[in-house]
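# Working through the structure, step by step
Letter by letter, the chains look like this.
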Amino acid sequence: MAKSVAVLDGVHLIACDDRRRNLCGRQVYWLDTPCPHWCAGGHRDGDMADDGTHFSGWNGVVLLTLEDGARMTSSKEHDELYQPEYVSVSLQQDVREVAAQIWCGKGESNTGWHMTAEEARELAAVLSEAAALADTATDDPVANEVHSAPALAAA
């Protein structure tokens with residue numbers, strides 16, 4: 001039986017026979033499949049089971065100009081430092097899940113939602129529809145007129 005040696009991070013770990021070659025060929029032994037193409041990586045053999053999540057290096061950000069900014073510090077000398085609120089969008093997938101989840105939330109908070117790709121497409125379509133309606137409302141001068149209450153007839 002042929003044997004080979006696995007090399008991870010420059011360290012020789014295991015002498016592998018043909019039956020275990022698939023284990024020895026993995027970059028991280030507990031990954032059944034390669035990381036998704038969008039995964040930022042950073043997985044290690046010593047990761048705990050809860051750390052086996054793929055996170056995207058990509059992060060979409062949309063600034064929210066109608067929201068109040070968040071104070072960045074409570075220090076008296078920096079009381080005027082604010083960060084604009086924003087929507088954050090990224091991908092994550094637990095190591096044993098078959099599909100990625102799309103995270104959409106408020107800034108760096110844990111306030112938001114996990115969505116499937118289909119749900120994200122549906123939300124994108126609804127947002128596009130709302131934006132189109134908002135645009136047409138500003139294009140129609142008659143619809144934008146401020147209508148005052150009718151004057152009461154003099155008695």
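Anyway, here's the lowdown on the structure attached to this text. (Residues numbered from 1 in each chain as written. Predicted model: local features only at pLDDT ≥ 70, side-chain atom pairs only at ≥ 80, totals over all residues. Heavy atoms only, no water.)

### A look at the pattern of salt bridges
Throughout the structure, instances matching the rule amount to 1 salt bridge. Across the pair glutamate 118 and arginine 121 runs a salt bridge whose closest N-O atoms are separated by 3.7 Å. A residue pair is termed a helical-turn pair when its members lie 3 or 4 positions apart in one helix, as glutamate 118 and arginine 121 do in helix 2 (residues 117-139) at 3 residues. Each of the two residues, glutamate 118 as well as arginine 121, counts as exposed. (Salt bridge = Lys/Arg side-chain N within 4 Å of Asp/Glu carboxyl O. Helix = DSSP H or I, 4+ residues; strand = E, 2+ residues; numbered from the N terminus. Buried < 20%, exposed > 50% of the residue type's maximum accessible area, 1.4 Å probe, protein only.)

### Considerations on the side chain of glutamine 92
Mapped onto the elements, glutamine 92 comes out in strand 7 (residues 86-94). In terms of polar contacts, glutamine 92 uses its side chain to reach the side chain of histidine 114, at 3.4 Å. Residues contacting glutamine 92, with those up to four places away along its chain left out, are Trp38, Thr53, His54, Phe55, Ala100, Gln101 and His114. (Polar contact = N/O pair within 3.5 Å; in protein donor to acceptor, adjacent residues only side chain to side chain. Contact = heavy atoms within 4.5 Å.)

### Some words on the environment of tryptophan 103
Summarising the element assignment, tryptophan 103 is placed in strand 8 (residues 101-106). On the basis of relative accessible area, tryptophan 103 is assigned to the buried category, the value being 13%. Sequence-wise, tryptophan 103 and asparagine 59 are 44 residues apart; in three dimensions their C-alpha atoms are separated by 9.7 Å. If we skip the residues at most four places from it in the chain, tryptophan 103 touches Ser88, Val89, Ser90, Ser109, Asn110, Thr111, Gly112, Trp113 and His114.

Everything listed here is a matter of geometry and, on its own, says nothing about what the molecule does.
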